[in-house]
Amino acid sequence: MGDRWQVAVDRGVCIGSGMCAAAAPHGFRLDTARQSHPVAPETDADERILAAAEGCPVEAITLTLAGSDEAVFPPEE
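Worth saying up front: this structure is predicted, and the values here are computed from it rather than measured. (Residues numbered from 1 in each chain as written. Predicted model: local features only at pLDDT ≥ 70, side-chain atom pairs only at ≥ 80, totals over all residues. Heavy atoms only, no water.)

S.K.: Describe the environment of Ala60, listing the residues and the values that go with them.
M.R.: For Ala60, the position within the fold is in the loop between helix H2 (47-55) and strand S5 (61-65). Of the residues examined, Ala60 reaches a relative accessible area of 3% and is grouped as buried. Along the backbone, Ala60 and Arg11 are 49 residues apart, and their C-alpha atoms lie at a distance of 7.2 Å. Setting aside chain neighbours within four positions, we find Ala60 in contact with Ala8, Val9, Asp10, Val13 and Cys14. (Helix = DSSP H or I, 4+ residues; strand = E, 2+ residues; numbered from the N terminus. Buried < 20%, exposed > 50% of the residue type's maximum accessible area, 1.4 Å probe, protein only. Contact = heavy atoms within 4.5 Å.)

See below:
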């Protein structure tokens, strides 16, 4: 069994660029206010969701291992 991730979007930071929804349409959607939301707050580890988080121009997306606070993205320094 692979890793599962908690996906969160800080809507106070999100600027609604839509890059996440374009990179991973199965993982993110924009609401009518153009704010991003994860399709599911917990998901299987997925390279496209990671790419969406990495590509967010304002780093509004965080990924952590489900069941822990261990950061997947952004990585802890």
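S.K.: Please provide a residue-by-residue account of a negative patch on the surface, values included.
M.R.: Residues Asp3, Asp69, Glu70 and Glu76 make up a contiguous surface patch of negative charge. With respect to the helices, strands and loops of the structure, Asp3 is situated in the segment before strand S1 (4-9). (Patch = residues over 30% accessible without salt bridge, like charges linked within 9 Å, V, L, I, M, F, W, Y side chains within 5 Å. Areas by Shrake-Rupley, 256 points an atom, 1.4 Å probe, with all protein chains shown as cover. Salt bridge = Lys/Arg side-chain N within 4 Å of Asp/Glu carboxyl O. Lys, Arg positive; Asp, Glu negative; His and termini not counted. Charge placed at Lys NZ, Arg CZ, Asp CG, Glu CD.)

S.K.: Could you give an account of the pattern of salt bridges, with specific residues and numbers?
M.R.: What the rule picks out here adds up to 3 salt bridges. Note that Asp44 and Arg4 form a salt bridge whose closest N and O atoms lie 2.6 Å from each other. Of this pair, Asp44 sits in strand S4 (residues 42-44) while Arg4 sits in strand S1, and the two are 40 residues apart along the sequence. On the accessibility criterion, Asp44 (44% relative accessible area) is partly exposed. Relative accessible area serves as the criterion here: at 29%, Arg4 is assigned to the partly exposed category. A salt bridge links Asp46 to Arg48; the shortest N-O distance between them is 3.7 Å. For Asp46, a relative accessible area of 17% puts it in the buried group.

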